[in-house]
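Overview (structure and organization)
Each chain, letter by letter, is given below.
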Amino acid sequence: MKLLNKITLLLFTSSTVLVGCNLDLDTDSDLDTPESPSAPSSVMQMPYVPTLAYDDTSVSLVWNKPSDYSDIVDYRVYMNGESLGVASENNSQFNPAKPYMDAFAEQDSAGFHHRPTYLNYKVEGLTPATDYQFSVAAVYADGHESNPSPAVSVTTAQFTHVVDVTDFGAVGDGETYNTVAIQQAIDQCSGDSTSAYGCKVVIPANPNGAVFMTGALYLKSNMTFEIEQGATLAGSIRSADYPLSEGYQLYSYRTHDTDSRRPPSLLNVLSEDHRNTSNGTQDGYDGRRGVFENIRVVGKGVLDGNGWVVSGTTQDEAGNTLPYHEPGSREKVYTLGVLAMNQMLAGYQEYAPESWTGSMADIDFQGQVNRDLYADRRSSLTTFRGVTNMYVADLTFRNPAYHGVMFLEGENIVFAYTTTQTFDINNADGVEFGNTSNFHVYANFIDSGDDCINFAAGQGEEYDQANDEINPTEDGWVFNNYTREGHGVLVAGSHTGAWIQDILAEENVAFMTDNGLRLKSTPATGGGARDIVFRDNAMKDIGTNNTHDINGVEIDNRGGQGNAFIFTLSYSAGDNVYTNANEAAYFHDITVKNVTLDNVDPSGSAKAVIQSDAYDGSINTLPYSANYHQNIVFDHVSIRNSKVTNIHRLKDSTFSNVTFENWEEGYDSPWQIEDSQNLTFEQVSPMPDSVTQ
């Protein structure tokens with residue numbers, strides 16, 4: 001079976017040069033032999049600079065693996081014909097995920113897991129407004145190198161207007177509220193700018209550490225916003241600093257009976273003509289693309305939402321210290337929340353101003369009002385909506401009241417070299433792409449309180465691709481990341497209405513997440529996920545609750561039970577209100593290739609290692625016929641110490657070179673398959689005894 005997934009990525013190497021790069025993914029196993037007339041090529045393609053991934057003194061390069069990469073162990077980068085070094089060493093310097101990948105490999109003494117190669121390289125110390133030539137060569141296991149690729153020409157930027165927020169009266173003492181001063185700096189600097197390098201607003205550090213308190217801020221087109229290393233931009237804990245009238249609605253329908261308006265995030269890109277007005281309207285929804293352009297959010301500082309109580313710290317497997325959060329909830333927000341609690345209380349006061357006394361006795365913790373306010377009245381760390389060309393890099397993201405980093409209705413987006421520390425904050429996703437196209441996610445460490453890397457595309461009939469201004473989430477490349485503890489590594493859904501498609505995730509490592517590859521929706525949501533390639537990834541302790549002793553540090557998996565690979569239509573839609581899609585959701589053309597999974601103990605708490613359930617046609621209130629997930633391929637996948645599979649309603653799918661070692665007791669075979677059609681098994685160990693078709 002052949003899956004050809006061609007992703008066209010629009011990338012910028014300078015403010016004036018547009019480059020097109022085609023990413024061809026060919027996973028046809030019959031191309032693995034040199035005798036094939038279309039045998040894989042080992043020729044390196046030219047590297048390129050993702051959207052706005054450069055400034056006056058640095059540039060970030062990425063490249064695609066050649067189609068024959070089986071013996072490649074590293075890549076060497078050349079500048080102006082001289083070697084700069086290999087990608088693995090460079091990632092040790094710049095990629096916050098690399099120490100965790102190294103610790104993961106050190107624990108794999110038997111060499112069971114896939115070893116990632118690095119497809120990115122950051123160059124610093126360059127001269128502004130200067131031309132450079134970069135090429136890349138493959139380094140093979142025996143030490144020899146390929147010929148260098150063709151060179152890409154890059155011209156570094158030169159900032160023409162740089163402002164320091166302290167010049168506008170901002171004070172980094174951790175007490176002064178600086179919303180007005182910082183917003184004035186943004187507005188003044190960006191006013192005449194015509195590119196991302198025509199304006200830079202700086203949140204400065206100082207030797208004693210600088211903490212700039214602020215409410216909601218709004219970035220503009222054609223600017224760079226930098227939080228320097230040693231500086232923190234900290235969210236106000238006062239709900240009034242996130243005015244509901246300046247917020248937005250996530251989707252073009254009312255999601256809750258009480259109110260679906262959201263307050264703004266700490267850092268925003270939101271159009272002024274689509275802000276919230278009164279309850280019951282859709283004024284806060286904006287499905288347009290291209291409203292803003294050319295925005296960079298960078299720096300090695302911290303963006304801290306002050307959303308919840310920080311209970312302490314915990315040491316991780318790389319020897320670093322992470323903030324420790326008690327698990328939150330709708331009920332616990334009133335004891336564990338900070339900004340999150342204050343926004344909930346403000347929501348109650350607004351919803352019932354005559355009866356609200358401010359007493360906890362007035363709160364029905366499980367009631368619908370509490371559910372609705374919890375779903376929409378908390379601020380996320382960032383909401384970037386309607387941006388074409390955006391680069392977010394190097395920052396550390398902490399403690400949101402709600403979600404982490406959200407890109408909505410965007411195009412040409414890069415999320416790189418960041419650190420997310422939000423476990424175990426309720427609903428604190430790492431990064432989300434909603435109805436967004438052409439994006440790179442690479443070299444990130446994501447320790448998340450919800451899905452680590454999530455894709456969404458709306459729900460129901462209003463998000464049918466035939467509708468005007470409705471866009472799928474598509475053309476994404478996710479690589480060289482380390483995901484930890486979140487609800488899923490790579491997650492499509494549950495909002496799948498306009499389709500999530502053409503996503504490549506490779507050379508990633510996952511540890512202690514609740515799920516691995518997680519595709520989830522409901523029949524009535526519609527759309528689904530298709531043309532997803534999940535290859536060359538390593539996963540350990542997925543969906544279990546094991547304890548690990550790593551370099552003398554005890555690491556507890558505090559996450560929930562889950563599946564390493566799940567394709568489900570049994571996910572709950574919650575309280576969302578929308579018109580049912582015209583056709584039921586489903587997933588098709590999904591490839592899992594060269595992936596390793598070790599769940600440590602087959603008697604642990606994980607769920608089925610592979611879970612598949614489509615719609616069986618049993619819900620009388622839905623008009624859909626039963627359906628199947630289709631064309632799912634597992635190729636060269638090694639699984640050990642796992643639960644058995646639970647495969648239902650899957651058809652026209654192939655399992656080749658899949659091996660199970662030491663599975664759950666009580667089962668003669670790890671293959672538990674029912675109500676499925678036309679499944680092919682090739683060189684599988686063990687082979688299934690029988691399949692109920």
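Residues numbered from 1 in each chain as written. Predicted model: local features only at pLDDT ≥ 70, side-chain atom pairs only at ≥ 80, totals over all residues. Heavy atoms only, no water.

Brief notes about the overall build of the protein chain
- In terms of regular secondary structure, the protein chain is built from six helices and 47 strands.
- Relative to its length of 693 residues, the protein chain is compact, with a C-alpha radius of gyration of 25 Å against a globular reference of 26 Å.
- Projected onto its principal axes, the C-alpha positions of the protein chain cover 70 × 65 × 55 Å.
- Considering the protein chain as a whole, with its 693 residues, one finds that 63% of them fall into the buried category.
- Sequence separation of at least 24 residues holds for 75% of the intrachain contacts in the protein chain that already meet a minimum separation of 6. (Helix = DSSP H or I, 4+ residues; strand = E, 2+ residues; numbered from the N terminus. Rg over C-alpha atoms; globule rule 2.2 N^0.38 Å. Buried < 20%, exposed > 50% of the residue type's maximum accessible area, 1.4 Å probe, protein only. Contact = heavy atoms within 4.5 Å.)

Focus on helix H2 (residues 98–107)
- By the burial criterion, the buried members of H2 are Lys 98, Tyr 100, Met 101, Ala 103 and Phe 104.
- In this structure, the buried side of H2 is in contact with helix H1 (87–94), strand E29 (445–447), strand E32 (482–484), strand E35 (509–511) and strand E37 (528–540).

Re the nonpolar core
- Core analysis: the largest hydrophobic core is formed by 127 residues, its most contacted members being Phe 225 and Phe 565.
- Other than its neighbours up to four places away in sequence, Phe 565 contacts Leu 517, Phe 534, Met 539, Val 592, Val 595, Leu 597, Val 609, Ile 610, Gln 611, Phe 634, Val 637 and Ile 639.
- Core analysis: the second largest hydrophobic core is formed by 59 residues, Phe 94, Tyr 121, Tyr 442 and Val 553 among them. (Core = buried A, V, L, I, M, F, W, Y, C linked by side-chain atoms within 4.5 Å.)

Observations concerning the pairing of strand E42 (residues 610–613)
- Along E42, one buried face is formed by Ile 610 and Ser 612 and the opposite face, lined by Gln 611 and Asp 613, is buried too.
- As judged from the four bridges shared by strand E40 (residues 565–568) and E42, these two strands associate in the parallel manner. Its bridge partner lying in E42, Phe 565 is registered against Ile 610.
- Where E42 meets strand E44 (residues 646–648), two bridges bridge the pair, whose relative direction is parallel. Bridging from a neighbouring strand, Ser 612 pairs with Ile 647 of E44. (Pairing = 2+ DSSP bridges.)

Looking at the packing of helix H5 (residues 339–351) against helix H6 (residues 368–376)
- H6 packs onto H5 with a crossing angle of 125° between their chain directions and a minimal axis gap of 10 Å. Relative to H6, the element H5 is oriented oblique. In the packing of H5 onto H6, the handedness of the crossing is right-handed. Counting all contacts with H5, which are made through Met 344, Gly 347, Tyr 348 and Tyr 351, the residues of H6 involved are Val 369, Asn 370, Leu 373 and Tyr 374.
- Residues of the contact of H5 with H6, tallied by class, amount to six nonpolar, two polar and no charged. (Axes fitted to C-alpha atoms, helices over the stretch in contact; angles between N-to-C directions. Parallel < 35°, antiparallel > 145°, perpendicular 65-115°, else oblique. Left-handed = near helix turned anticlockwise from the far one by under 90°. Nonpolar A, V, L, I, M, F, W, Y, C, P; charged D, E, K, R; others polar.)

Focus: the state of the cysteines
- The tally for this structure, following the rule as stated, stands at one disulfide.
- Covalently, Cys 189 is tied to Cys 199 through a disulfide, its sulfur atoms 2.1 Å apart. The sign of the S-S torsion, about 130°, decides the handedness of the disulfide formed by Cys 189 and Cys 199: right-handed. Linking Cys 189 in helix H3 (residues 179–190) with Cys 199 in the loop between H3 and strand E11 (200–203), this pair joins segments that are 10 residues apart in sequence. One exposure class covers both Cys 189 and Cys 199, and it is buried. (Disulfide = S-S within 2.5 Å.)

Describing the sheet that holds strand E5 (residues 82–86)
- Across the sheet, four strands lie side by side as E5-E4-E7-E8; this open sheet has antiparallel pairing. Each edge of the open sheet is held by one strand with a lone partner, namely E5 and strand E8 (152–155). Neighbour-to-neighbour, the strand axes of this sheet turn through a mean angle of 35°, independent of strand direction.
- For strand E4 (residues 72–79) and E5, the ladder comprises four bridges, and the chain directions are antiparallel. Looking across to E5, one finds that Tyr 78 is bridged to Ser 83.
- Each of E4 and E5 is contacted by H1, which is oriented at about 65° to E5, the strand it contacts most.

Structural notes on the sheet that holds E42
- Sheet architecture is open: 12 strands sit in the order E13-E16-E21-E24-E27-E30-E33-E36-E40-E42-E44-E46, paired in parallel fashion. What marks the edges here is a single partner per strand, and that holds for strand E13 (217–218) and strand E46 (673–674).

Thoughts on the pattern of salt bridges
- Throughout the structure, instances matching the rule amount to 32 salt bridges.
- Note that Glu 226 is salt-bridged to Lys 200, the shortest N-O span being 3.1 Å. One end of the pair, Glu 226, is in strand E14 (residues 223–227); the other, Lys 200, is in strand E11, and 26 residues separate them in sequence. Note on accessibility: Glu 226 and Lys 200 belong to one class, buried. (Salt bridge = Lys/Arg side-chain N within 4 Å of Asp/Glu carboxyl O.)

Examining the packing of aromatic side chains
- Counted under the stated rule, the structure contains 29 aromatic pairs.
- Both rings, one in Phe 407 and one in Phe 415, keep their centres 6.2 Å apart while their planes meet at 75°; by these two values the pair is edge-to-face.
- The class of Phe 407 is buried, set by a relative accessible area of 1%.
- Taken together, a centroid distance of 6.1 Å and an interplanar angle of 15° make the contact between Phe 445 and Tyr 482 stacked. Note that Phe 445 is positioned in strand E29 and Tyr 482 in strand E32, a separation of 37 residues in sequence.
- Taking relative accessible area as the criterion, Phe 445 reaches 1% and is therefore assigned buried.
- Residue class for Tyr 482 comes out buried when judged on its relative accessible area of 1%.
- A network of ring pairs unites the aromatic residues Phe 384, Phe 397, Phe 407, Phe 415, Phe 433, Phe 439 and Phe 455 as a single cluster.
- One cation-aromatic arrangement involves Lys 65 over Tyr 69; the distance from NZ or CZ to the ring centre is 4.0 Å. (Phe/Tyr/Trp six-rings, centres within 6.5 Å; stacked < 30°, edge-to-face > 60°. Lys NZ or Arg CZ within 6 Å of the ring centre and 35° of its normal.)

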